[in-house]
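Next come the chains, spelled out residue by residue.
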Amino acid sequence: MTTSLVLGGATGIGAAAVRAFRARGDTVVLADRDADRGARLAAEDASGGIRFAAVDLLDPASPRRAVEAAEEAGDGVIDAVFYNAGVLEAHPLAEWPVAAWDRAVAVNLRGPFLTAQAAAAPLARAAHGRFLVTSSTGALRGHAGMPAYHATKAGLLGLIRALADEWGPTGVTANAVLPGWIDTEFNRGFWDHQSDPAEAMERLVAGIPLGRQGAPDDVVGAILFLTSPESAYITGQALVVDGGYTAV
Ligand SMILES: NC(=O)c1ccc[n+]([C@@H]2O[C@H](COP(=O)([O-])OP(=O)(O)OC[C@H]3O[C@@H](n4cnc5c(N)ncnc54)[C@H](O)[C@@H]3O)[C@@H](O)[C@H]2O)c1
């Protein structure tokens, strides 16, 4: 049995990953604060099983609770951990609230670190332990109004490199997937921050070689690969999935 833990997967990219993990036969433990949509996703028919754990990753105790739920489901073994939860807030720099900065660090960066700490042993017991985080092309570029998002998503690249070194001898890999512009509710804060959202969207799409924003399913191939035995010799790496946005 393959047991996968997804943190932040009730909607969007994480939900697409949950569906894909279950379709390949994984038993998924889904940890998310959105109990309604988490329960709806868990009720879908699929070959792999699913358990839902209601956790708020703002709480530093939550990552360990989520890992414990997955350990229980996998009899002490977790094959793949996918930390995908993230938050995005945009404010003018002078008004940026310290509390919002702390929220971003807690969910986007401290959460993955605490998850890695808690999951190290059950991942090492797996035949092909995989730790994957969702960073962003926001780790490579910056936008006005979003300093905490860019800083935390860039911080994840440092985290996975440190984990790759620490975990190398165990064979557990640690990688990041970096989506570009994916059409989910997530970016609403960004669009609301633009003076002319329609014009900004047109300019954005014109700068993407593949000519469109991505959908959550566009990121799934990379997620499946980096949580599979086939990616055994890839660790500490950042895989960009952005329709060519950062290539030009
Ligand atoms: N949409 C994009 O364009 C884009 C681009 C690059 C990276 N990303 C990253 O992809 C990830 C998923 O984003 P998405 O676009 O699918 O958005 P989404 O809002 O659909 O998904 C975020 C998920 O995280 C959960 N979550 C948020 N805060 C939480 C908390 N405190 N505790 C528990 N769960 C929490 C939400 O309930 C939701 O299920 C995020 O890390 C985001 O930074 C998104």
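Residues numbered from 1 in each chain as written. Predicted model: local features only at pLDDT ≥ 70, side-chain atom pairs only at ≥ 80, totals over all residues.

(A) Structural context of the overall build of the chain. Looking only at helices and strands, the chain has 8 helices and 7 strands in total. Computed over the C-alpha atoms, the radius of gyration of the chain is 17 Å, within 12% of the 18 Å expected from 2.2 N^0.38 for a compact globule of 248 residues. Based on the C-alpha atoms only, the size of the chain along its principal axes is roughly 50 × 40 × 35 Å. Across the 248 residues that make up the chain, the buried fraction comes to 44%. For the chain, the proportion of contacts with a sequence separation of at least 24, taken over those separated by at least 6, is 72%. (Helix = DSSP H or I, 4+ residues; strand = E, 2+ residues; numbered from the N terminus. Rg over C-alpha atoms; globule rule 2.2 N^0.38 Å. Buried ≥ 20, exposed ≤ 12 C-beta atoms within 10 Å, placed from the backbone. Contact = placed C-beta atoms within 7 Å.)

(B) Expanded view of the site of the ligand. For the ligand, the set of nearby residues contains 28 residues, the closest of which are G8, G12, G86, T184 and F186. The leading source of residues in the shell around the ligand is helix α1 (residues 12-23), at 3 residues. A class-by-class count of the residues in the shell around the ligand yields 12 nonpolar, 11 polar and 5 charged. (Near = placed C-beta within 6 Å. Nonpolar A, V, L, I, M, F, W, Y, C, P; charged D, E, K, R; others polar.)

(C) Just the packing of helix α3 (residues 62-73) against helix α4 (residues 98-124), in detail. At their nearest, the axes of α3 and α4 sit 8 Å apart, and the two run at 30 degrees to each other. It follows that α3 is roughly parallel to α4 by the angle criterion. Judged by the sense of rotation from one axis to the other, the crossing of α3 with α4 is right-handed. Residues P63, R64, V67 and E71 of α3 lie in contact with α4, whose contacting residues are G111, L114, T115, A118, A119 and P122. For the contact of α3 with α4, the residue count by class is 6 nonpolar, 2 polar and 2 charged. (Axes fitted to C-alpha atoms, helices over the stretch in contact; angles between N-to-C directions. Parallel < 35°, antiparallel > 145°, perpendicular 65-115°, else oblique. Left-handed = near helix turned anticlockwise from the far one by under 90°.)

(D) Spatial organisation of the sheet that holds strand β1 (residues 3-7). With parallel pairing, 7 strands are arranged side by side in an open sheet as β3-β2-β1-β4-β5-β6-β7. Each having just a single partner strand, β3 (50-54) and β7 (238-241) make up the two edges of the open sheet. In this sheet, neighbouring strand axes are inclined to one another by 15 degrees on average, regardless of whether the strands run parallel or antiparallel. Bridge analysis of strand β6 (residues 173-179) against β7 gives 4 bridges, and the strand direction is parallel. The residue bridging V177 from the neighbouring strand is L239, located in β7. On the sheet, helix α2 (residues 35-42) packs against β2 (27-32) and β3 and is oriented at approximately 175 degrees with respect to β3. (Pairing = 2+ DSSP bridges.)

(E) View of unusual backbone geometry. Here D75, not a glycine, exhibits a phi torsion of approximately 50 degrees, which is positive. Note that D75 resides in the loop between α3 and β4 (80-83). Taking the number of C-beta atoms within 10 Å as the measure of exposure, D75 has 10 and is therefore exposed.

(F) Layout of the nonpolar core. Counting residues in each nonpolar core, the largest one holds 67 residues, and the members touching the most others are L5, A17, L30, V81 and F131. Broken down by element, this core gets its largest block of residues, 8 residues, from α4. Among residues more than four places away in sequence, those in contact with L5 are V29, A31, A66, V67, A70, I78 and V81. (Core = buried A, V, L, I, M, F, W, Y, C linked by C-beta atoms within 7 Å.)

(G) The packing of α4 against helix α5 (residues 147-167), seen in detail. Put simply, α4 and α5 touch, their axes get as near as 9 Å, and they point 15 degrees apart. When the axes of α4 and α5 are compared, the pair comes out roughly parallel. Of the two elements, α4 crosses α5, and the hand of that crossing is right-handed. On α5, the residues touching A100, W101, A104, V105, N108, L109, P112, F113 and A116 of α4 are A148, Y149, T152, K153, G155, L156, L159 and L163.

(H) Examining α5 more closely. Helix length check: α5 (21 residues) gives 30 Å between terminal C-alpha atoms against 30 Å at 1.5 Å per residue, within 8%. All buried positions along α5 are accounted for by A148, Y149, T152, K153, L156, L159, I160, L163 and W167. Along the axis of α5, the buried positions cluster into a sector of 120 degrees, meaning they face one direction only. Within α5, the exposed residues directed more than 90 degrees away from the buried face are G158 and D165. (Expected span 1.5 Å × (residues − 1). Arc of directions from axis to C-beta.)

(I) Molecular detail of the pairing of β6. Burial within β6 is extensive, with 7 of its 7 residues counted as buried. The alternating pattern of β6 places T173, N175, V177 and P179 on one face and A174, A176 and L178 on the opposite face, and all of these are buried. In this fold, strand β5 (residues 130-134) hands off to α5, which returns the chain to β6; that crossover is right-handed. (Right-handed = clockwise from strand over helix to strand, strands pointing away.)

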